[in-house]
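A closer look at the structure
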Amino acid sequence: PARTRSRPYRSAMPRLPLVDPDDPDADPHARALLGRVQELRGRTLNVYRAVGNHPEVLEGLLQFGTAAYFRNSLTPAQNELAYLGASVANDCHY
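Residues numbered from 1 in each chain as written. Predicted model: local features only at pLDDT ≥ 70, side-chain atom pairs only at ≥ 80, totals over all residues. Heavy atoms only, no water.

Here the focus is the overall build of the chain. Along the chain, the regular secondary structure elements total four helices and zero strands. Of the regular secondary structure in the chain, the N- to C-terminal order runs α-α-α-α. Counting over 94 residues, the chain shows a buried share of 17%. A separation of at least 24 residues holds for 46% of the contacts in the chain among residues at least 6 apart in sequence. Carbon and sulfur atoms form 56% of the exposed surface of the chain, whose accessible area is close to 7900 Å². (Helix = DSSP H or I, 4+ residues; strand = E, 2+ residues; numbered from the N terminus. Buried < 20%, exposed > 50% of the residue type's maximum accessible area, 1.4 Å probe, protein only. Contact = heavy atoms within 4.5 Å. Areas by Shrake-Rupley, 256 points an atom, 1.4 Å probe, with all protein chains shown as cover.)

See below:
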């Protein structure tokens, strides 16, 4: 069965402030972490900028993501299969 949203999709402003890594008034630890993400990935997703409000949490999230996605025992083909399987299970079309 197709999934339906309980409420219509609305484009809105984020509820959490997003840390700007170029803002000299931002927390230096958050700025450094977000700069590292930008350098390694070529972009900084808003989820990282939102979590940047708590730099210690962002650091833990980045460590977890690195371990889970890049330092695991799966082959690239197995990684892709896991991504595709999760996308199908969650009805994601991207």
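There's more to say after this.
Moving on, we get to the confidence of the model for the chain. A residue-level look at the chain finds 84% of positions with pLDDT of 70 or above and a mean pLDDT of 88. Here helix α4 (residues 76–89) is the element of the chain with the lowest mean pLDDT, 93, and helix α2 (residues 46–51) is the one with the highest, 96. (pLDDT = per-residue confidence, 0-100.)

In this model α4 runs 20 Å from its N-terminal to its C-terminal C-alpha over 14 residues, within 8% of the 20 Å that 1.5 Å per residue would give. Two residues or fewer after α4 comes Asp-91, characterised by a positive phi angle close to 55 degrees. (Expected span 1.5 Å × (residues − 1).)

Right, let's get into the nonpolar core. Here is a general trend for soluble globular proteins: nonpolar side chains tend to be buried in one another's company. With nine residues, the main nonpolar core is built from Val-19, Ala-26, Ala-30, Leu-33, Leu-34, Val-37, Val-51, Leu-58 and Leu-62. At the level of secondary structure, the elements contributing two or more residues to this core comprise α1 (28–41) and α3 (55–69). Here Leu-33 is in contact with Pro-55, Leu-58, Glu-59 and Leu-62, once residues within four sequence places are set aside. (Core = buried A, V, L, I, M, F, W, Y, C linked by side-chain atoms within 4.5 Å.)

Two numbers describe a pair of packed helices, the interaxial angle and the distance between the axes. In the contact formed by α1 and α3, the axes pass within 9 Å of each other and the chain directions differ by 25 degrees. Judged on the interaxial angle alone, α3 and α1 are roughly parallel. As for how α1 packs across α3, the hand of that crossing is left-handed. The residues of α3 that touch α1, namely those facing His-29, Ala-30, Leu-33, Leu-34 and Val-37, are Pro-55, Leu-58, Glu-59 and Leu-62. Here the contact of α1 with α3 is built from residues that sort into seven nonpolar, one polar and one charged. (Axes fitted to C-alpha atoms, helices over the stretch in contact; angles between N-to-C directions. Parallel < 35°, antiparallel > 145°, perpendicular 65-115°, else oblique. Left-handed = near helix turned anticlockwise from the far one by under 90°. Nonpolar A, V, L, I, M, F, W, Y, C, P; charged D, E, K, R; others polar.)

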